[in-house]
Structure formats: structure tokens, C-alpha cells
Amino acid sequence: MSDVQATKPIPQYTVRQRLIRIGVILFTLLLTFGALEVAVRAIPLYPDSFAMQDDALGWTYRPNAGGTWFNVGCPREFTNHVEINSAGAHDVEHDLEAAPGTERVLFLGDSLVAALEVPLEQTFFRRLEPLLNEGAETPTEVIALGRAGYGTAQEMILYEREGRAYAPDVVLLLFTPHNDFADNHPAFVGMSIDWVYTRPYMRLDESGALAADPPREVPMAPVHRFLLERSALYRFLSVRLRQFLPPVNLIGPEFEAARAESWEWTFAQLAALRDEVEADGARLGVVIEQSVLAPDERAAVHAQIAEGLDALGIAHLSLLEPFDAAADAGTVVRFPCDGHWTEAGHAVAAEALVGFVRGLSAE
């Protein structure tokens, strides 16, 4: 054999052939991406999104949206079908005008009031309505305007824009100690559940008055934003990728000043909400959620919040004791991984609220 090996000639492609090859590759990638997107939605591997951008609130729920909700980080701990009503809330439909002689109770709050984790009929507010009406001479209607991830500023804006239109007699804000203070200060924006929009903040200016910082779009590449908003597959991959990134640490001493400011701003917002609710002829109450803080922290934090609310003349109810008692009795009041209330937790909350709500209604 010759030492010189025969070599095959390198194929020479025309521009047209190259474009065809590139087109085939792109089409194959697009087809694969589309098939995976359908699979992620059909199985499903990522929950449906009910959120949309809102210029005043940062985000809100799309009216009449529907879909499957679960915690992607806690696979199959619960799976719930959710229907958002025409007002953009996870609740039954409510007319703006109450039926004659009917008293109205309006709930504001974050994901615990949104209650996407359990069937609507098992939520504390839907359970509460028949309890309030047992043996009552005056019928009561309970309305919920919960939005996952909301802070106090968003809840106040939501009351101004939508809540007061229902002319409630009692307005109850469900306060979650383990995240509401963080939600009320921009230093903790890294904890936000939303990747695309920031929330509005209300801070105290130099004169001591509340000044609003409107929400803003989070800076990101347009393609990244587009896919986050529209692709379940992309959001699923983003969540999985974040598991390999360093966790966001917002606990250090550099955040002490922000935490102190947040307490001050929060109670200023609650005072402003109290004034608005009372000017509308209603009564404001605050329900302090048990929280997922360490057990040895809960009592101290609840006492601090209660002290601040007492100074503002705002009626309040702590859910610490009824939830701790239920848990001690063996009731699973929270999903172990997800942390939100189970159906049993919602039942505990509804029972605990009856006397508090009746007391506010009677004043």
C-alpha cells in the first residue's frame, strides 16, 4: 500500500444548502421545545400562572383565569384546580352592591388569603361565612381579595382601588410576621416571589409622611422576560437552575437598619389604612398569623406586633394559640414542605375568627 492515504474530498455546500441545513436544525429545536412545553403543561411539571403585570400593584391576578396550582419545589404535596373570579380573586363571585340588610366582611392579605393550595370551599373565608350566619339575625357576606406575595402597601392600594367599592362593614388584614416586614422594604427585594415586576413600597419621608415608590420592571434581557412570562418549560428550567445557585442571604447585620425601618414603615401604613377604612364607615382589624418563625421567636414577635397595633388603636387577633394547640393535638395545620395552611389549618383559622369578627361587627 502507498504511504499516501487517499483523502475524501470535503463537500462543498452552496449557500442555499447551508441555509436549508440551518433551517432544519432550527425547526428541529423549535419542534423539540414545543413538544417539551406541551409536556410540561400537560403533566404538569410547572403550575399555571395567574399573575399579570399591574402598573400600580406590580402584579395581580388575571380575571377569570383558571388552572392547576402546586408548589414546584414540593412535588405533589398538593395539587389544586384554581378558578379566579371576574374580580381577579380566588373567591366566589360578589356583586359590588350588597343585598339589603347584609353586612360585609372584607379580607386583605397575601398567599394565605389567596389560598391557592386548597379547594375554594375549604378556605377559611368560605368556611367563615356560614359560621358567622349561624343563628344570626343579620346575614353576613365574606369577601376575599388575597394576592400571593403582597405586602402591606399593595394591600392598601388594593383596598383603595377595589376593596372599598364593596362598601364593607369590617376590613380584616391578615398579617404574616415571617415575610410581611420583608415585603415592606426594598432592601429585601431578593425575597420577592415575582421575577419580572417589583412591588410598590411606601416609606416615610423626612416630614414623617408616607411617600410611595411605584413598582418597576426588573431589568432583564427582553428574550428572558418574554420566556418567563409565557413559557412553563422555561420557568421550570429556571427554578431547577436556581437550586444550584448560592442562596440569597438577607439575615446579616447589614440588614438591621432596613429591618428597623420596615417595622416603622409597616405600622405607618397600617395607621393610614385604618384612617381610610374608618373614613369609609368601616372598622379595621388585623389578624396576626401564627407564622413559620422558630417556635421560640413567635410569641415575642406576636407580642411586639400586638403592642404596635394597640398603640394605633387597631383591634387584633393572634392565631398563635389556636394553631399551636391544634398542632400539639396532632392536627397538620401546614403543608410540611410548602408551609401554607392545609384544609385543617383553614378550618382552625375560621373557627378562631368567628368571635373576633362578630365583636368588630357589633362595635
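Residues numbered from 1 in each chain as written. Predicted model: local features only at pLDDT ≥ 70, side-chain atom pairs only at ≥ 80, totals over all residues. Heavy atoms only, no water.

Visitor: What am I meant to see in the nonpolar core here?
Guide: The tendency in soluble globular proteins is for nonpolar side chains to be buried side by side. Counting 35 residues, the largest nonpolar core has Leu273 and Leu309 as its most contacted members. For this core, the element with the highest residue contribution is helix H4 (residues 152-161), accounting for five residues. The contact partners of leucine 273, leaving out residues within four places of it in the chain, are Leu108, Met156, Tyr159, Leu173 and Leu284. Counting 32 residues, the second largest nonpolar core, distinct from the first, contains Phe124, Val170, Val287 and Ala349. (Core = buried A, V, L, I, M, F, W, Y, C linked by side-chain atoms within 4.5 Å. Buried < 20%, exposed > 50% of the residue type's maximum accessible area, 1.4 Å probe, protein only. Helix = DSSP H or I, 4+ residues; strand = E, 2+ residues; numbered from the N terminus. Contact = heavy atoms within 4.5 Å.)

Visitor: Please explain the sheet that holds strand S10 (residues 283-288) as it appears in this structure.
Guide: To summarise the sheet geometry, strands pair through backbone hydrogen bonds and adopt either a parallel or an antiparallel arrangement. Taken together, the five strands give an open sheet; going across it, the order is S6-S5-S7-S10-S11, and neighbouring strands pair in parallel fashion. Of all strands in the sheet, those with a lone pairing partner are strand S6 (140-146) and strand S11 (315-318), marking the two edges. This sheet shows a mean twist of 20° between the axes of neighbouring strands, independent of strand direction. The pairing of strand S5 (residues 103-109) with strand S7 (residues 170-175) spans four bridges and is parallel. The residue of S7 that forms the bridge with phenylalanine 107 is leucine 172. In the packing of H4 onto the sheet, the strands contacted are S5, S6 and S7, and the crossing angle to S5 comes to about 145°. Across the face of the sheet, helix H8 (residues 256-279) comes into contact with S5, S7 and S10 while running at roughly 145° to S10. (Pairing = 2+ DSSP bridges. Axes fitted to C-alpha atoms, helices over the stretch in contact; angles between N-to-C directions.)

Visitor: Looking at this model, I keep getting lost on the packing of aromatic side chains. Mind explaining?
Guide: The geometry of an aromatic ring pair is captured by the separation of the ring centres together with the interplanar angle, meaning the angle of the planes. Under the criterion given, the structure shown has eleven aromatic pairs. Taken together, a centroid distance of 5.7 Å and an interplanar angle of 75° make the contact between phenylalanine 124 and tryptophan 341 edge-to-face. Residue phenylalanine 124 is found in helix H3 (residues 124-133), and its partner tryptophan 341 is found in the loop between helix H10 (320-328) and helix H11 (343-362); the two are separated by 217 residues along the sequence. Consider the rings of phenylalanine 188 and phenylalanine 255, whose centres lie 5.6 Å apart with planes at 35°: the pair is tilted. Within this pair, whereas phenylalanine 188 is found in the loop between helix H5 (180-183) and strand S8 (201-204), its partner phenylalanine 255 is found in the loop between helix H7 (232-242) and H8, the two being separated by 67 residues in sequence. Sitting over the ring of phenylalanine 70, arginine 76 keeps its end group 4.7 Å from the ring centre. (Phe/Tyr/Trp six-rings, centres within 6.5 Å; stacked < 30°, edge-to-face > 60°. Lys NZ or Arg CZ within 6 Å of the ring centre and 35° of its normal.)

Visitor: Would you mind showing me how to read the packing of H8 against helix H9 (residues 295-312) here?
Guide: In contact at an axis separation of 10 Å, H8 and H9 are set at 45° when each is read in the N-to-C sense. The orientation of H8 with respect to H9, classified from their angle, is oblique. For the pair H8 and H9, the sense of crossing is right-handed. Between H8, through Trp263, Phe267, Leu270, Ala271 and Arg274, and H9, the contact on the second element is made entirely by Val301, Gln304, Ile305, Gly308, Leu309 and Leu312. Along the lines of polarity and charge, the residues of the contact of H8 with H9 split into eight nonpolar, two polar and one charged. (Parallel < 35°, antiparallel > 145°, perpendicular 65-115°, else oblique. Left-handed = near helix turned anticlockwise from the far one by under 90°. Nonpolar A, V, L, I, M, F, W, Y, C, P; charged D, E, K, R; others polar.)

Visitor: Just to check I follow, could you spell out the pattern of salt bridges for this structure?
Guide: Two side chains bearing opposite charge may form a pair once their charged atoms approach each other closely. According to the stated counting rule, one finds 17 salt bridges in the structure shown. Among the salt bridges present, the one from glutamate 162 reaches arginine 161, with a minimum N-O distance of 3.2 Å. Residue glutamate 162 is classed as buried on the basis of its relative accessible area of 18%. Notably, a salt bridge pairs glutamate 229 with arginine 230, separated by 3.3 Å at the nearest N-O pair. We classify glutamate 229 as partly exposed; its relative accessible area is 30%. (Salt bridge = Lys/Arg side-chain N within 4 Å of Asp/Glu carboxyl O.)

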